[in-house]
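# Examining the three-dimensional arrangement
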Amino acid sequence: MRIATLTSGGDCPGLNAVIRGIVRTASSEYGSTVVGYEDGWVGLLEDRRIQLYDDEEIDRVLLRGGTILGTGRLHPDKFREGIEQIKENLANAGVDALIPIGGEGTLKGALWLHENGIPVVGVPKTIDNDVNATDYTFGFDTAVSVATDAIDRLHTTAESHNRVMVVEVMGRHAGWIALHAGIASGAHLTLVPEEPFDVDAVCKMMKKRFQRGDSHFICVIAEGAKPDPESMTLREGGIDEYGHVRFTGVAQQLAVEIERRIGKEVRTTVLGHIQRGGKPTPYDRVLATRFGHHAAEAAHAGHFGSMVALHGTKIELVPLAEAVKQLKTVPADRYAEASAFFG
Ligand code: F6P
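Quick summary incoming for the structure in this document.

Moving on to unusual backbone geometry. Backbone geometry places Asp 39, a non-glycine residue, at a positive phi of 60°. The residue Asp 39 is located in the loop between β2 (33–37) and α2 (41–45) in this model.

Here we take up the layout of surface pockets. Put simply, the largest pocket is a space of about 1100 Å³. Lining of the largest pocket is provided by 42 residues; of these, Gly 10, Arg 73, Gly 105, Arg 172 and His 244 occupy positions nearest its centre. When contributions to the lining of the largest pocket are tallied by element, the ones reaching two or more residues are α4 (76–81), α6 (104–115) and β6 (164–169). When residues in the lining of the largest pocket are grouped by element, the largest group, six residues, is from α6. Estimates place the volume of the second largest pocket at around 380 Å³. Taken together, 22 residues line the second largest pocket, and the ones lying closest to its centre are Lys 226, Leu 234, Arg 235, Glu 236 and Val 245.

Our focus in this paragraph is the packing of helix α7 (residues 140–161) against helix α8 (residues 176–185). Between α7 and α8, whose axes approach to 8 Å, the crossing angle comes to 45°. Taken together, α7 and α8 sit at an angle that is classed as oblique. Crossing of α7 against α8: the hand is right-handed. Along its contact with α7, which presents Phe 140, Ala 143, Val 144, Ala 147, Thr 148, Ile 151, Asp 152 and His 155, the element α8 presents Trp 176, Ile 177, His 180, Ala 181, Ala 184 and Ser 185. Residues of the contact of α7 with α8, tallied by class, amount to nine nonpolar, four polar and one charged.

The next subject is the sheet that holds strand β8 (residues 217–222). Taking strand neighbours across the sheet as the criterion, the four strands line up as β7-β8-β6-β9 in an open arrangement whose pairing is parallel. In the strand order of this sheet, the two ends are held by β7 (189–191) and β9 (266–270), each with one partner. Averaged over all pairs of adjacent strands, the angle between strand axes in this sheet comes to 20°, irrespective of strand direction. Lying over the sheet, α7 contacts β6, β8 and β9, oriented at roughly 170° with respect to β6.

Applying the stated criterion across every chain yields a total of five aromatic pairs. Ring geometry for Tyr 136 against Phe 140: centres 5.8 Å apart, planes inclined by 20°, an arrangement best described as stacked. On the basis of relative accessible area, Tyr 136 is assigned to the partly exposed category, the value being 28%. Geometrically, the ring pair formed by Tyr 335 and Phe 342 is edge-to-face, given 5.7 Å between the ring centres and 65° between the ring planes. Pair check on accessibility: Tyr 335 and Phe 342 agree, each one buried. Ring pairs connect the aromatic residues Trp 41, Phe 79 and Trp 112, which therefore count as one cluster.

Across the sheet, which stays open at both edges, the seven strands sit in the order β3-β2-β1-β4-β5-β10-β11 with mixed pairing between neighbours. Each edge of the open sheet is held by one strand with a lone partner, namely β3 (49–52) and β11 (314–319). Adjacent strand axes in the sheet meet at a mean angle of 30° when their direction is disregarded. Summarising the sheet, strand β4 (residues 97–102) and strand β5 (residues 121–124) pair through two bridges and their orientation is parallel. Looking at the pairing, Gly 102 lines up with Pro 124 of β5. Against the sheet, α6 touches β4, β5 and β10 (306–311), its axis set at about 160° to β4.

This part is about the side chain of Thr 137. For Thr 137, the location among the structural elements is in the loop between β5 and α7. Only 2.7 Å separates the side chain of Thr 137 from the backbone oxygen of Thr 126, close enough to count as a polar contact. Apart from the residues lying within four places of it in its own chain, the contact partners of Thr 137 are Pro 124, Lys 125, Thr 126, Asn 129, Val 131, Asp 284 and Leu 287.

As a matter of local geometry, the ligand sits amid Arg 73, Ile 127, Asp 128, Met 170, Gly 171, Arg 172, Glu 223, His 273 and Arg 276. Note that an oxygen atom of the ligand is positioned 2.9 Å from one of the side-chain N or O atoms of Asp 128. Glu 223 is positioned such that a nitrogen or oxygen atom in its side chain is 2.7 Å from an oxygen atom of the ligand. In the complex, 74% of the free accessible area of the ligand, which totals 400 Å², lies under the protein chains. Grouping the constituent residues of the shell around the ligand by class yields two nonpolar, two polar and five charged.

Axis separation between helix α9 (residues 199–211) and helix α10 (residues 250–262) bottoms out at 10 Å; the angle between their running directions is 60°. Comparing the axis directions of α9 and α10 gives the class oblique. The way α9 lies across α10 gives a crossing that is right-handed. Taken together, the residues of α10 that come into contact with α9 (itself represented by Val 199, Asp 200, Cys 203, Met 206 and Lys 207) are Leu 254, Glu 257, Ile 258, Arg 261 and Ile 262. Taken together, the residues that form the contact of α9 with α10 break down as six nonpolar, no polar and four charged.

What counts and how
- Residue numbers restart at each chain and count upward from 1, following the sequence in its written direction.
- Restriction of local features to residues with pLDDT of at least 70 applies here, the model being predicted, together with a cutoff of 80 or more for giving and counting side-chain atom pairs; totals for whole chains, interfaces and linings are based on all residues.
- Only hydrogens and water are set aside; all other atoms, that is, all heavy atoms of the structure, feed into the side-chain values.
- In DSSP terms, a helix is any run of H or I states spanning at least four residues, a strand is any run of E spanning at least two, and both are numbered starting from the N terminus.
- The method works on a 1 Å grid over the protein atoms by themselves. A cavity is a set of points holding a 1.4 Å probe that cannot get out, a pocket is an open set with protein on both sides within 12 Å along at least five of seven lines, and residues with an atom within 4 Å of a point line them.
- Grid points are joined across faces, edges and corners, and a volume is the space filled by probe spheres set on the points.
- Fitted lines through C-alpha atoms serve as axes, helices being fitted only where they are in contact, and the angles separating the N-to-C directions of these axes extend from 0 to 180 degrees.
- Each angle receives one of four descriptions, namely roughly parallel if under 35 degrees, roughly antiparallel if over 145, roughly perpendicular if within 65 to 115, and oblique otherwise.
- The handedness criterion is simple: a crossing whose near helix is rotated anticlockwise from the far helix by less than a right angle is left-handed, and one whose near helix is rotated clockwise is right-handed.
- Contacts are assigned to residue pairs that have any heavy atoms within 4.5 Å of one another.
- Note on residue categories: nonpolar means Ala, Val, Leu, Ile, Met, Phe, Trp, Tyr, Cys or Pro, charged means Asp, Glu, Lys or Arg, and polar means any other residue, Gly included.
- Only strands joined by at least two bridges in the DSSP assignment are considered to pair.
- Two aromatic rings, drawn from Phe, Tyr or Trp (for Trp, its six-membered ring), form a pair once their centres lie within 6.5 Å of each other, and the interplanar angle then sorts them: stacked below 30 degrees, edge-to-face above 60, tilted otherwise.
- Burial classes: relative accessible area under 20% of the type maximum marks a residue as buried, over 50% as exposed, and values in between as partly exposed (1.4 Å probe, protein chains only).
- Between N or O atoms, a polar contact is any pair within 3.5 Å; within protein, one atom must be a potential hydrogen donor and the other a potential acceptor, and residues adjacent in sequence are included only when both atoms are from side chains.
- In these notes, residues near a molecule or strand are those with any non-hydrogen atom within 4 Å of it.
- Surface accessibility in these figures is a Shrake-Rupley result with a 1.4 Å probe; residues are shielded only by whichever protein chains are displayed.

Interpretation in functional terms is not warranted from these geometric data alone.
Shown next, in the form of structure tokens:
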């Protein structure tokens, strides 16, 4: 069998571990070969591919961040217009199965290819952990570790200066990174996209803490969190060419409001792409390796139109349609659990 793989959308620690998992399994268990398309769907359309060998080189990428194949974004219209070209390129390369690795947008593309007759097995990826039908995605644990380490450090500088620190973490539609890093680092408040926040209530909580003599206040906020519009106006950033909302820096805008309303010194830290770069944690290496292994097995078994998913400790297959049905956001009860530690 000849398998093709590609990585699409934002990069994520663990992508290379998935690629290695696919190559090693395909080669050693089935004697199959693997090619990788460069820069996501764009490379597939432009027929830019490289042969991936089961050798020492592929073993070395296990702990490397980013993606050895490169990644990119392609507008859905251009992707759909290119269907005949994609079919031709896959046929010319003798590809029997395609394993795209990506987030919600990529998986929607994968489902569409499957519906158009291309044999596809998806692998979910995102540091945001917002892909439906899987308990976790690789990259999330790394992002939470990086964010937690950063917030741990902010505690000591904040308490030395009696300051409020507002730390912005990634999380466009889902606040999983904020929620987990907030709990792990003992943040005093965590704000997520799922629960609009009231700035007066935030300020009240901060004041109460300082009034009882505490030294500092750490507020973790997801980049996609929004204030209740009655309590504060957030600047609009518009929409980019892929239909994604452009963020305007919610942490900084909230910091200005807090200083104005309670007169405390506030500092802002935006962790940004630091959360996405660098080596995957051991947990992510294991999860990504298992996803790659099971995706290769699924391709050889002909389970097309499916995606590998983590359920408890097991890797199982779910229909791609199930995976893209909705985003997996933070449920109210999980947020309520975390909020028991606010203030
Ligand atoms: O989807 C993962 C993510 O890290 C989001 O949290 C973030 O908004 C986005 O990617 C940023 O992507 P980029 O700046 O690479 O386009």
